[in-house]
Protein chains: 2
Amino acid sequence: MPPKPKTKLAREQFRTLIIDNARDLFVSKGVEAVTMREIAKRIGYSATSIYLHFADKEALLRAICDTDFLKLATTLKEILSIPDPIQRLIAFGEGYAKFALAFPNHYRLMFMTPHLPYNAECSGLQQNNAEQDAYFQLKTVVQDVYEAGGFKTDLHDADLIAQTVWAGMHGVCALQIIMAEDDWVQWRPIDVRLTMMQQLLLSGLLKEKYE
Amino acid sequence: MPPKPKTKLAREQFRTLIIDNARDLFVSKGVEAVTMREIAKRIGYSATSIYLHFADKEALLRAICDTDFLKLATTLKEILSIPDPIQRLIAFGEGYAKFALAFPNHYRLMFMTPHLPYNAECSGLQQNNAEQDAYFQLKTVVQDVYEAGGFKTDLHDADLIAQTVWAGMHGVCALQIIMAEDDWVQWRPIDVRLTMMQQLLLSGLLKEKYE
DNA sequence: AACGAAAATTAACAGTGTTAACTTAACGGT
DNA sequence: ACCGTTAAGTTAACACTGTTAATTTTCGTT
């Protein structure tokens, strides 16, 4: 009932109020099961007022993902200070998996749910920024190992290595998130599967003396 | 307009008619974007007639997944006839990825979309059946390599190896399906990523003389 | 020919995301 | 102190969704 011309800051606060509450609901009930009206009721506004800040439900979802991508990059950033490049790579993989399994529903939104491709203008996240881009962080860590001479001599494509390491860790986490409850497969403990994957990848990538 | 008391066979035919058309639509437009009315119109019936054969949309989806799991197992079965166990393992991974990328939306339904855990009664699929259970097939292939002495001497858990190989291939395919269009990452070609993953896994698993 | 049951249909319901039309409140200029 | 202008927020409404209830159509059997 009380419309006030809001300052830039108040607008931003309302935006994050929507984002935070929408995320809570999405994460606990799944995206499709949550209605705009439900989100609105939770913050004491009308459903249509959300549309004053987000074009549609998809845009809201993307905004949530954006903040979560940032959160992931922030979480992983401290790992970059580990001095030894190989230890850094190992810890990076562990940190990534830890994030995925600690926030499985965030992770599902970020990496397992189809949405419109990244759009530089409407995102707010900066690509190739070590503070905001977790893939860039990974690529840097891989590059460091390469420059330290850690990889086998026939490996030269840091992007390819990064993408493969990522895929390996993602595969373990994604199957865990989707199929952990399913007893069609007699799953080995998740931490065992994670270290197995990591050892396999490293033993394929690193020179023998580093294994 | 013409209702006839149907024989058991005609009922089954109608069921698969629904399944096949629903799958086509799900696969080309995504599950959420397809309506029951649309499926019905496509086969020339009214929306409600679908409910005479399936409890709801979720049940229809599950039925589709069931037939797709069977299709995957059938597709992979011929690979099992390759004589050399290691070549068999390699071809199995390739065949799996080929299926995933040829039918990305089937694959998404099967392995990337959360649904109720497998239920033995309502499924119709037989676990540990080499004709119907692709995971069982993979485990068998891994077991064969193990018994042929192909793996490194400290590897003894066939389930763990199978689950890790699966996760590796799944990771590459899943990221491809979800993020191929996204230019946040400068993706290497998908076939390069797949062979890279496979080589990495194999070089970590196999004795050196087999690489 | 008439009945009963199966098969299919139409009508309707409670919700959904979203848009249009309308209200309220705060500000700037006179 | 007043009056527009404008932004913020609301309610009403639309087209559509999955799904259920009520209704019609058709057929095999008596």
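Residues numbered from 1 in each chain as written. Chains lettered and ligands numbered in written order. Predicted model: local features only at pLDDT ≥ 70, side-chain atom pairs only at ≥ 80, totals over all residues. Heavy atoms only, no water.

Caption draft 1: Seen up close, the overall build of chain A. Within chain A one finds ten helices and zero strands. Ordered by position in the sequence, the α and β elements of chain A form the string α-α-α-α-α-α-α-α-α-α. Summarising its shape, the C-alpha atoms of chain A cover approximately 70 × 45 × 25 Å along the three principal directions. Taken over 211 residues, chain A has a buried fraction of 51%. Restricting to contacts in chain A with at least 6 residues of sequence separation, those with at least 24 account for 68%. Within chain A, the 26 negative side-chain charges are centred at a point lying 8 Å from the centre of the 23 positive side-chain charges. (Helix = DSSP H or I, 4+ residues; strand = E, 2+ residues; numbered from the N terminus. Buried < 20%, exposed > 50% of the residue type's maximum accessible area, 1.4 Å probe, protein only. Contact = heavy atoms within 4.5 Å. Lys, Arg positive; Asp, Glu negative; His and termini not counted. Charge placed at Lys NZ, Arg CZ, Asp CG, Glu CD.)

Caption draft 2: Examining the interface of chain B and chain A more closely. At the interface, 49 residues of chain B touch 49 residues of chain A. Across the interface of chain B and chain A, roughly 4400 Å² is buried in total on both sides, 70% from carbon and sulfur atoms. Linking chain B to chain A there are four salt bridges. Of the charged contacts, one joins Arg 188 of chain B and Asp 159 of chain A as a salt bridge, the two residues approaching to 3.5 Å between their closest N and O atoms. (Buried area = accessible area lost by both parts, 1.4 Å probe. Salt bridge = Lys/Arg side-chain N within 4 Å of Asp/Glu carboxyl O.)

Caption draft 3: Focus on helix α1 (residues 8–29) of chain B. Residue and element names in this part refer to chain B. Between its terminal C-alpha atoms α1 stretches 32 Å, which fits the 32 Å expected from 22 residues at 1.5 Å a residue. Burial in α1 covers these residues: Ala 10, Phe 14, Ile 18, Ile 19, Asn 21, Ala 22, Arg 23, Leu 25 and Phe 26. Its buried side turned inward, α1 meets α2 (36–42), α3 (47–50), α4 (57–77) and α6 (104–112). Looking one or two places after α1, you find Gly 30, whose phi comes out positive at around 90°. (Expected span 1.5 Å × (residues − 1).)

Caption draft 4: View of the packing of aromatic side chains. With the rule as written, the count across this model stands at 18 aromatic pairs over all chains. For the ring pair Tyr 107 of chain A and Phe 111 of chain A, a centre distance of 5.0 Å and an interplane angle of 55° mean the geometry is tilted. Taken as a pair, Tyr 107 of chain A and Phe 111 of chain A lie in helix α6 (residues 104–111) at a separation of four residues, close to a single helical turn. According to the relative accessible area criterion, Phe 111 of chain A is buried, its value standing at 4%. Between the aromatic rings of Phe 99 of chain B and Phe 103 of chain B, the centroid separation amounts to 5.3 Å while the plane-to-plane angle is 55°, which identifies the pairing as tilted. In textbook terms, an aromatic cluster arises when at least three aromatic residues are bridged by ring pairs, as seen for Phe 69, Tyr 96, Tyr 107, Phe 111, Tyr 135 and Trp 166 of chain A together with Trp 187 of chain B. The aromatic ring of Phe 103 of chain A is capped on one face by Lys 71 of chain A, whose charged end is 4.0 Å from the ring centroid. (Phe/Tyr/Trp six-rings, centres within 6.5 Å; stacked < 30°, edge-to-face > 60°. Lys NZ or Arg CZ within 6 Å of the ring centre and 35° of its normal.)

Caption draft 5: Structural detail: the relation of the copies chain B and chain A. Each copy superposes on the other: chain B lies on chain A with an RMSD of 0.6 Å after a rotation of 179° and an axial shift of 0.1 Å. The transformation relating the two chain copies, once decomposed into turn and shift, fits a two-fold axis. Residue Gly 171 of chain B of chain B places its C-alpha closer to the rotation axis than any other residue of that unit, at 1.7 Å. (Least-squares fit on C-alpha atoms with pLDDT ≥ 70 in both.)

Caption draft 6: Local environment of the nonpolar core. Among the nonpolar cores identified, the biggest contains 144 residues, and Phe 111 and Trp 166 of chain A together with Trp 166 of chain B are the most heavily contacted of them. Excluding residues that lie within four positions of it along the chain, Trp 166 of chain A makes contacts with Tyr 96, Phe 111, Tyr 135 and Leu 138 of chain A together with Leu 175, Met 179, Val 185 and Trp 187 of chain B. (Core = buried A, V, L, I, M, F, W, Y, C linked by side-chain atoms within 4.5 Å.)

Caption draft 7: A look at the state of the cysteines. The full count for this structure, using the stated rule, is zero disulfides over all chains. Cys 173 of chain B forms no disulfide, and the closest cysteine sulfur to it belongs to Cys 173 of chain A, at a distance of 17 Å. Using a relative accessible area of 0% as the deciding quantity, one classes Cys 173 of chain B as buried. (Disulfide = S-S within 2.5 Å.)

Caption draft 8: Main features of the side chain of His 106 of chain A. Residue and element names in this part refer to chain A. Considering the arrangement of structural elements, one finds His 106 in helix α6. The exposure class of His 106 is buried, given its relative accessible area of 10%. Once you skip the residues sitting within four places of it in the chain, His 106 turns out to touch Arg 23, Val 27, Asp 68 and Lys 71.

Caption draft 9: Quick peek at the packing of α6 of chain B against helix α9 (residues 158–179) of chain B. All names here are of chain B. Where α6 meets α9, the closest approach of the two axes is 11 Å, and the angle between their N-to-C directions is 125°. With respect to their mutual orientation, α6 and α9 come out oblique. Viewed along their axes, α6 and α9 form a crossing whose handedness is left-handed. Where α6 approaches α9, its residues Pro 104, Tyr 107, Arg 108, Phe 111 and Met 112 are matched on the opposing element by Trp 166, His 170, Cys 173, Ala 174, Ile 177 and Ile 178. (Axes fitted to C-alpha atoms, helices over the stretch in contact; angles between N-to-C directions. Parallel < 35°, antiparallel > 145°, perpendicular 65-115°, else oblique. Left-handed = near helix turned anticlockwise from the far one by under 90°.)

Caption draft 10: Structural context of α9 of chain B. All names here are of chain B. With 22 residues, α9 extends 31 Å from end C-alpha to end C-alpha; this agrees with the ideal 32 Å at 1.5 Å per step. Buried residues dominate α9, accounting for 21 of its 22 residues. Where α9 begins, the capping side chain belongs to Asp 157, and its oxygen is found 3.1 Å from the backbone nitrogen of Asp 159. (Polar contact = N/O pair within 3.5 Å; in protein donor to acceptor, adjacent residues only side chain to side chain.)

Caption draft 11: Spatial organisation of the pattern of salt bridges. Considering all chains together, one arrives at 20 salt bridges over all chains under this definition. Between Lys 139 of chain A and Asp 159 of chain A there is a salt bridge; the shortest N-O distance is 3.9 Å. Within this pair, whereas Lys 139 of chain A is found in helix α8 (residues 134–147), its partner Asp 159 of chain A is found in helix α9 (residues 158–179), the two being separated by 20 residues in sequence. With relative accessibility at 11%, the residue Asp 159 of chain A sits in the buried group. It is possible to trace a salt-bridge network through shared partners that takes in Lys 139, Asp 157 and Asp 159 of chain A together with Arg 188 of chain B.

Caption draft 12: The environment of Asp 154 of chain B, seen in detail. All names here are of chain B. Summarising the element assignment, Asp 154 is placed in the loop between α8 (134–147) and α9. Among the residues examined, Asp 154 registers a relative accessible area of 58% and is labelled exposed. Linking Asp 154 and Leu 205, residues 51 residues apart in sequence, is a C-alpha distance of 9.6 Å.

Coordinates in, geometry out; function isn't part of it.
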